[in-house]
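Working through the structure, step by step
Listed below, chain by chain, are the residues.
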Amino acid sequence: MTMDKVLYYIIYPIFYLVSLLPLRVLYVFSDIQFFIVYSIVGYRKKVVRKNLRNSFPDKSEKELLKIEKEFYHWLCDYFNETVKLLSISKKTLLKHIEFRNVEQMEQCFSEGQNCAAILGHYCNWEWLSATGLAFRQYPEAVMGLIYHPLYNDAFDRLFIDIRSAQGGVCIPKKDILRYLVTYKKEKKNYLFGYISDQTPKWNNIHLWLPFLNQDTPVFTGGERIMRKMNDAVFYVEMQRPKRGKYICTFKLITREAPSLPEHEVTTRFFKMLEETINKQPVFYLWTHNRWKRTRDEFDRRFGNTDSKTKDAEQK
(Lines give C-alpha, C1' and ligand atoms only; values in the text may rest on other atoms or scores of the structure.)
Protein backbone atom coordinates (compact mmCIF):
# COMPACT_ATOMS: atom_id res chain seq x y z
CA MET A 1 0.00 0.00 0.00
CA THR A 2 1.38 3.40 -1.02
CA MET A 3 1.78 6.30 1.39
CA ASP A 4 -0.96 8.22 -0.45
CA LYS A 5 -3.40 5.38 0.17
CA VAL A 6 -2.42 5.25 3.83
CA LEU A 7 -2.92 9.01 4.08
CA TYR A 8 -6.34 8.73 2.41
CA TYR A 9 -7.52 6.09 4.89
CA ILE A 10 -6.39 8.36 7.71
CA ILE A 11 -7.89 11.64 6.54
CA TYR A 12 -11.19 10.36 5.12
CA PRO A 13 -12.64 9.18 8.48
CA ILE A 14 -11.55 12.45 10.10
CA PHE A 15 -13.22 14.58 7.45
CA TYR A 16 -16.33 12.40 7.49
CA LEU A 17 -16.70 12.66 11.26
CA VAL A 18 -16.32 16.43 11.05
CA SER A 19 -18.98 16.53 8.32
CA LEU A 20 -21.49 14.94 10.70
CA LEU A 21 -21.52 18.08 12.82
CA PRO A 22 -24.38 20.55 12.21
CA LEU A 23 -23.56 23.53 10.04
CA ARG A 24 -24.07 25.91 12.96
CA VAL A 25 -21.28 24.08 14.82
CA LEU A 26 -19.05 24.09 11.75
CA TYR A 27 -19.52 27.85 11.51
CA VAL A 28 -18.24 28.18 15.07
CA PHE A 29 -15.15 26.23 13.96
CA SER A 30 -14.94 28.58 10.99
CA ASP A 31 -14.85 31.63 13.28
CA ILE A 32 -11.92 30.08 15.16
CA GLN A 33 -10.17 29.12 11.93
CA PHE A 34 -10.56 32.67 10.65
CA PHE A 35 -8.58 34.04 13.59
CA ILE A 36 -5.82 31.47 13.01
CA VAL A 37 -5.68 31.75 9.21
CA TYR A 38 -5.96 35.53 9.04
CA SER A 39 -4.44 36.92 12.23
CA ILE A 40 -1.79 34.31 13.06
CA VAL A 41 -0.78 32.51 9.85
CA GLY A 42 -1.62 35.33 7.43
CA TYR A 43 -2.25 32.82 4.63
CA ARG A 44 -1.39 34.43 1.27
CA LYS A 45 -2.13 37.93 2.53
CA LYS A 46 0.33 39.52 0.10
CA VAL A 47 -1.36 37.85 -2.87
CA VAL A 48 -4.84 38.81 -1.66
CA ARG A 49 -3.90 42.44 -1.06
CA LYS A 50 -2.19 42.76 -4.43
CA ASN A 51 -5.18 41.20 -6.23
CA LEU A 52 -7.68 43.43 -4.45
CA ARG A 53 -5.64 46.61 -4.93
CA ASN A 54 -5.21 45.98 -8.66
CA SER A 55 -8.81 44.85 -9.18
CA PHE A 56 -10.39 47.81 -7.38
CA PRO A 57 -8.08 50.83 -7.83
CA ASP A 58 -10.91 53.23 -6.94
CA LYS A 59 -11.55 51.74 -3.50
CA SER A 60 -9.93 53.16 -0.39
CA GLU A 61 -7.55 51.18 1.82
CA LYS A 62 -10.31 50.98 4.42
CA GLU A 63 -12.73 49.49 1.90
CA LEU A 64 -10.13 47.00 0.66
CA LEU A 65 -9.28 45.92 4.21
CA LYS A 66 -12.98 45.29 4.92
CA ILE A 67 -13.28 43.11 1.80
CA GLU A 68 -10.07 41.30 2.75
CA LYS A 69 -11.27 40.36 6.23
CA GLU A 70 -14.71 39.32 5.05
CA PHE A 71 -13.13 37.24 2.30
CA TYR A 72 -10.98 35.27 4.74
CA HIS A 73 -14.01 34.70 6.95
CA TRP A 74 -15.94 33.35 3.96
CA LEU A 75 -12.95 31.22 2.88
CA CYS A 76 -13.08 29.39 6.22
CA ASP A 77 -16.83 28.95 5.79
CA TYR A 78 -16.20 27.55 2.30
CA PHE A 79 -13.86 24.90 3.68
CA ASN A 80 -16.32 23.71 6.33
CA GLU A 81 -19.30 23.84 3.96
CA THR A 82 -17.36 21.73 1.48
CA VAL A 83 -16.50 19.09 4.09
CA LYS A 84 -20.20 19.01 5.04
CA LEU A 85 -21.02 17.63 1.58
CA LEU A 86 -19.65 14.24 2.64
CA SER A 87 -22.64 13.47 4.85
CA ILE A 88 -25.35 16.11 4.46
CA SER A 89 -28.70 14.71 3.32
CA LYS A 90 -30.15 15.84 0.00
CA LYS A 91 -33.21 17.25 1.75
CA THR A 92 -31.10 19.32 4.15
CA LEU A 93 -28.76 20.54 1.42
CA LEU A 94 -31.67 21.85 -0.64
CA LYS A 95 -32.66 23.98 2.35
CA HIS A 96 -29.32 25.74 2.03
CA ILE A 97 -29.01 26.11 -1.75
CA GLU A 98 -31.65 27.21 -4.23
CA PHE A 99 -31.37 26.51 -7.95
CA ARG A 100 -33.10 28.87 -10.37
CA ASN A 101 -33.89 28.57 -14.08
CA VAL A 102 -33.36 24.79 -14.15
CA GLU A 103 -36.51 24.61 -16.29
CA GLN A 104 -34.69 26.23 -19.22
CA MET A 105 -32.05 23.51 -19.16
CA GLU A 106 -34.75 20.84 -19.00
CA GLN A 107 -36.28 22.50 -22.06
CA CYS A 108 -32.95 22.05 -23.86
CA PHE A 109 -32.97 18.36 -22.92
CA SER A 110 -36.50 17.96 -24.25
CA GLU A 111 -35.35 19.41 -27.58
CA GLY A 112 -32.37 17.07 -27.82
CA GLN A 113 -29.64 19.50 -26.76
CA ASN A 114 -27.25 18.94 -23.87
CA CYS A 115 -25.95 21.69 -21.60
CA ALA A 116 -22.71 23.18 -20.32
CA ALA A 117 -22.43 25.43 -17.28
CA ILE A 118 -19.51 27.87 -17.20
CA LEU A 119 -18.50 29.33 -13.84
CA GLY A 120 -15.73 30.89 -11.81
CA HIS A 121 -14.28 30.39 -8.35
CA TYR A 122 -17.07 32.37 -6.76
CA CYS A 123 -19.18 31.51 -3.70
CA ASN A 124 -19.18 27.79 -2.90
CA TRP A 125 -18.74 26.21 -6.32
CA GLU A 126 -18.41 22.78 -4.67
CA TRP A 127 -22.10 22.87 -3.68
CA LEU A 128 -22.97 22.98 -7.37
CA SER A 129 -22.34 19.22 -7.40
CA ALA A 130 -25.91 19.02 -6.05
CA THR A 131 -27.46 20.64 -9.15
CA GLY A 132 -28.91 17.32 -10.27
CA LEU A 133 -31.16 17.31 -7.20
CA ALA A 134 -33.11 20.22 -8.70
CA PHE A 135 -34.00 18.41 -11.95
CA ARG A 136 -37.54 17.04 -11.83
CA GLN A 137 -38.21 16.02 -15.43
CA TYR A 138 -34.75 14.55 -16.06
CA PRO A 139 -33.48 13.03 -12.79
CA GLU A 140 -31.49 10.48 -14.81
CA ALA A 141 -29.43 13.14 -16.61
CA VAL A 142 -25.68 13.01 -15.99
CA MET A 143 -24.56 15.95 -13.86
CA GLY A 144 -20.87 16.50 -13.40
CA LEU A 145 -17.82 18.67 -13.00
CA ILE A 146 -14.67 18.81 -15.07
CA TYR A 147 -11.68 19.04 -12.77
CA HIS A 148 -7.91 19.17 -12.73
CA PRO A 149 -6.58 16.26 -10.60
CA LEU A 150 -4.64 17.29 -7.50
CA TYR A 151 -0.98 16.36 -7.23
CA ASN A 152 -1.56 14.52 -3.96
CA ASP A 153 -3.53 11.33 -4.68
CA ALA A 154 -4.97 11.15 -1.17
CA PHE A 155 -6.54 14.61 -1.33
CA ASP A 156 -7.54 14.04 -4.95
CA ARG A 157 -9.56 10.99 -3.88
CA LEU A 158 -11.02 12.91 -0.95
CA PHE A 159 -12.27 15.74 -3.17
CA ILE A 160 -13.73 13.28 -5.66
CA ASP A 161 -15.63 11.74 -2.73
CA ILE A 162 -16.87 15.18 -1.71
CA ARG A 163 -17.89 16.22 -5.21
CA SER A 164 -19.65 12.94 -5.98
CA ALA A 165 -21.44 12.61 -2.63
CA GLN A 166 -24.57 14.30 -4.01
CA GLY A 167 -24.64 12.36 -7.27
CA GLY A 168 -22.24 14.43 -9.34
CA VAL A 169 -19.76 12.85 -11.76
CA CYS A 170 -16.12 14.00 -11.66
CA ILE A 171 -14.14 13.71 -14.89
CA PRO A 172 -10.54 14.87 -15.43
CA LYS A 173 -10.38 17.61 -18.04
CA LYS A 174 -8.13 15.55 -20.33
CA ASP A 175 -10.86 12.90 -20.64
CA ILE A 176 -14.00 15.02 -20.84
CA LEU A 177 -14.44 15.12 -24.62
CA ARG A 178 -14.31 11.32 -24.84
CA TYR A 179 -16.98 11.03 -22.14
CA LEU A 180 -19.25 13.61 -23.75
CA VAL A 181 -19.09 11.89 -27.12
CA THR A 182 -20.00 8.60 -25.43
CA TYR A 183 -22.94 10.15 -23.57
CA LYS A 184 -24.19 11.66 -26.81
CA LYS A 185 -23.96 8.36 -28.67
CA GLU A 186 -25.86 6.69 -25.84
CA LYS A 187 -28.47 9.49 -25.98
CA LYS A 188 -27.87 10.46 -22.37
CA ASN A 189 -28.69 14.00 -21.32
CA TYR A 190 -25.85 15.77 -19.52
CA LEU A 191 -24.91 18.99 -17.80
CA PHE A 192 -21.23 19.56 -17.02
CA GLY A 193 -19.69 22.47 -15.19
CA TYR A 194 -16.54 24.18 -16.46
CA ILE A 195 -14.62 26.27 -13.93
CA SER A 196 -13.03 28.62 -16.45
CA ASP A 197 -11.20 31.37 -14.60
CA GLN A 198 -7.94 29.55 -13.82
CA THR A 199 -4.60 30.78 -15.10
CA PRO A 200 -3.44 28.91 -18.23
CA LYS A 201 0.13 27.78 -18.67
CA TRP A 202 2.29 29.86 -20.99
CA ASN A 203 1.88 27.54 -23.98
CA ASN A 204 -1.90 27.43 -23.53
CA ILE A 205 -2.44 31.18 -23.67
CA HIS A 206 -4.46 32.00 -26.79
CA LEU A 207 -6.55 34.91 -25.54
CA TRP A 208 -6.13 37.97 -23.31
CA LEU A 209 -9.14 39.81 -21.92
CA PRO A 210 -9.66 42.85 -19.70
CA PHE A 211 -10.86 41.40 -16.40
CA LEU A 212 -11.08 43.29 -13.11
CA ASN A 213 -9.01 46.17 -14.49
CA GLN A 214 -6.17 43.88 -15.56
CA ASP A 215 -4.94 42.34 -18.80
CA THR A 216 -5.73 38.69 -18.13
CA PRO A 217 -4.77 35.45 -19.93
CA VAL A 218 -7.76 33.11 -20.04
CA PHE A 219 -8.60 29.50 -20.89
CA THR A 220 -10.41 28.84 -24.16
CA GLY A 221 -10.46 25.04 -24.09
CA GLY A 222 -13.87 24.84 -22.44
CA GLU A 223 -15.44 26.93 -25.18
CA ARG A 224 -13.88 24.74 -27.88
CA ILE A 225 -15.53 21.66 -26.32
CA MET A 226 -18.91 23.43 -25.98
CA ARG A 227 -18.75 24.45 -29.65
CA LYS A 228 -17.75 20.99 -30.79
CA MET A 229 -20.58 19.32 -28.84
CA ASN A 230 -23.11 22.06 -29.77
CA ASP A 231 -24.12 22.37 -26.11
CA ALA A 232 -26.39 25.07 -24.76
CA VAL A 233 -24.12 27.26 -22.61
CA PHE A 234 -25.26 28.73 -19.29
CA TYR A 235 -23.44 31.10 -16.97
CA VAL A 236 -23.69 30.11 -13.32
CA GLU A 237 -24.31 33.12 -11.11
CA MET A 238 -24.09 32.40 -7.39
CA GLN A 239 -25.19 34.64 -4.55
CA ARG A 240 -24.86 34.30 -0.79
CA PRO A 241 -27.63 36.39 0.80
CA LYS A 242 -26.72 35.12 4.26
CA ARG A 243 -24.48 32.62 5.98
CA GLY A 244 -25.51 29.08 5.08
CA LYS A 245 -27.67 30.12 2.13
CA TYR A 246 -26.75 30.16 -1.56
CA ILE A 247 -28.80 31.03 -4.63
CA CYS A 248 -27.61 29.58 -7.94
CA THR A 249 -29.09 31.05 -11.12
CA PHE A 250 -28.39 29.55 -14.55
CA LYS A 251 -28.31 32.32 -17.15
CA LEU A 252 -28.36 31.36 -20.81
CA ILE A 253 -25.39 32.63 -22.81
CA THR A 254 -26.25 30.86 -26.06
CA ARG A 255 -27.86 27.77 -27.54
CA GLU A 256 -25.86 28.24 -30.75
CA ALA A 257 -22.23 28.29 -29.63
CA PRO A 258 -20.80 27.05 -32.98
CA SER A 259 -22.41 29.97 -34.83
CA LEU A 260 -20.83 32.64 -32.63
CA PRO A 261 -17.44 34.20 -33.40
CA GLU A 262 -14.48 32.38 -31.88
CA HIS A 263 -13.93 33.30 -28.19
CA GLU A 264 -17.31 35.03 -27.93
CA VAL A 265 -18.57 32.58 -25.29
CA THR A 266 -15.42 33.07 -23.20
CA THR A 267 -15.63 36.86 -23.56
CA ARG A 268 -19.26 36.93 -22.45
CA PHE A 269 -18.49 34.66 -19.51
CA PHE A 270 -15.74 36.92 -18.15
CA LYS A 271 -17.93 40.02 -18.49
CA MET A 272 -20.72 38.29 -16.55
CA LEU A 273 -18.31 36.98 -13.91
CA GLU A 274 -16.85 40.46 -13.45
CA GLU A 275 -20.35 41.89 -12.93
CA THR A 276 -21.05 39.23 -10.31
CA ILE A 277 -17.77 39.92 -8.48
CA ASN A 278 -18.34 43.66 -8.47
CA LYS A 279 -21.67 43.14 -6.69
CA GLN A 280 -20.11 41.16 -3.82
CA PRO A 281 -16.30 40.94 -4.16
CA VAL A 282 -15.99 39.14 -0.81
CA PHE A 283 -16.90 35.76 -2.32
CA TYR A 284 -14.23 35.52 -5.04
CA LEU A 285 -11.12 33.37 -4.58
CA TRP A 286 -8.56 36.15 -4.04
CA THR A 287 -5.86 33.80 -2.67
CA HIS A 288 -5.20 32.47 -6.17
CA ASN A 289 -2.28 34.19 -7.89
CA ARG A 290 -4.36 34.64 -11.01
CA TRP A 291 -2.32 37.42 -12.63
CA LYS A 292 1.14 35.90 -12.19
CA ARG A 293 1.57 35.69 -15.99
CA THR A 294 1.79 39.12 -17.55
CA ARG A 295 1.51 40.33 -21.13
CA ASP A 296 5.01 41.83 -21.00
CA GLU A 297 6.51 38.50 -19.96
CA PHE A 298 4.44 36.73 -22.63
CA ASP A 299 5.79 39.08 -25.29
CA ARG A 300 9.36 38.45 -24.15
CA ARG A 301 8.82 34.70 -24.36
CA PHE A 302 6.89 34.48 -27.62
CA GLY A 303 7.61 37.68 -29.51
CA ASN A 304 4.70 38.74 -31.72
CA THR A 305 1.58 38.04 -29.64
CA ASP A 306 -0.73 38.48 -32.63
CA SER A 307 0.38 35.07 -33.90
CA LYS A 308 -0.35 33.45 -30.55
CA THR A 309 -3.31 35.32 -29.13
CA LYS A 310 -6.46 37.03 -30.18
CA ASP A 311 -7.45 40.05 -28.12
CA ALA A 312 -11.04 40.83 -27.33
CA GLU A 313 -10.48 44.37 -28.61
CA GLN A 314 -9.78 43.01 -32.10
CA LYS A 315 -13.14 41.21 -32.34
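Reading guide: rules and limits
Numbering of residues starts from 1 in every chain and runs along the sequence as written. Reporting of local features is limited, given that this is a predicted model, to residues whose pLDDT is at least 70; pairs of side-chain atoms are given and counted only at 80 or more, and all residues count toward the totals for whole chains, interfaces and linings. Excluded from the side-chain calculation are hydrogens and water; included are all heavy atoms of the structure. Only protein chains enter the accessibility calculation, which uses a 1.4 Å probe; a residue is then buried when its area is under 20% of its type maximum, exposed when over 50%, and partly exposed in between. By the criteria applied, helices consist of DSSP H or I runs no shorter than four residues and strands consist of E runs no shorter than two, each listed in order from the N terminus. Throughout, the arc means the angular range of directions from the helix axis out to the C-beta atoms. By definition, residues are in contact when any of their heavy atoms lie within 4.5 Å. Whenever two N or O atoms come within 3.5 Å, that pair is a polar contact, provided that in protein one can donate a hydrogen and the other can accept it, and provided that, for residues adjacent in sequence, both atoms are side-chain atoms. Cavities and pockets were defined on a 1 Å grid built from protein atoms only: a cavity is a group of points that admits a 1.4 Å probe but offers it no way out, a pocket is an open group of points flanked by protein on both sides within 12 Å along at least five of seven lines, and a lining residue is one with an atom within 4 Å of any such point. Grid points are joined across faces, edges and corners, and a volume is the space filled by probe spheres set on the points. In this classification, the charged set is Asp, Glu, Lys and Arg, the nonpolar set is Ala, Val, Leu, Ile, Met, Phe, Trp, Tyr, Cys and Pro, and all remaining amino acids, among them Gly, are polar.

**Let's talk about helix H6 (residues 102–110)**
Because the α-helix completes a turn every 3.6 residues, residues three or four places apart line up on one side. Buried within H6 we find Val102, Met105, Glu106, Cys108 and Phe109. Seen from one end, H6 has its buried residues packed into an arc of 150°, which puts them on one side. Where H6 is buried, its residues contact strand S1 (97–100), strand S2 (115–119), strand S3 (142–147), strand S5 (190–195), strand S8 (232–242) and strand S9 (245–254). Among the residues trailing H6, Gly112 stands out with phi positive, at a value near 85°.

**Thoughts on the environment of Thr220**
Mapped onto the elements of the fold, Thr220 is located in the loop between strand S7 (214–217) and helix H9 (221–229). Along the sequence, Thr220 and Leu128 sit 92 residues apart, while their C-alpha atoms lie 22 Å from each other. Every residue in contact with Thr220, bar those within four places of it in the chain, is listed here: His206, Leu207, His263 and Thr266. In this structure the side chain of Thr220 is engaged in a polar contact, spanning 2.8 Å, whose partner is the side chain of Arg224.

**Focus on unusual backbone geometry**
Backbone geometry places Arg44, a non-glycine residue, at a positive phi of 55°. Residue position: Arg44 is located in the loop between helix H2 (23–41) and helix H3 (45–55).

**Some thoughts on empty space enclosed by the protein**
Summed over all chains, the structure comprises two cavities of 30 Å³ or more. In this model, the largest cavity occupies a volume close to 190 Å³. Taken together, 19 residues form the lining of the largest cavity, with Leu128, Ser129, Thr131, Gly144 and Gly193 sitting closest to its centre. Looking at the lining of the largest cavity, the elements that each hand over two or more residues are S2, S3, strand S4 (169–172) and S5. Residues of the lining of the largest cavity, tallied by class, amount to 12 nonpolar, five polar and two charged. A volume near 50 Å³ is recorded for the second largest cavity. As for the second largest cavity, its lining consists of Leu119, Gly120, Tyr122, Trp125, Leu128, Tyr235, Val236, Met238, Leu273 and Thr276. Contributions of two or more residues to the lining of the second largest cavity are made by S8 and helix H10 (264–279).

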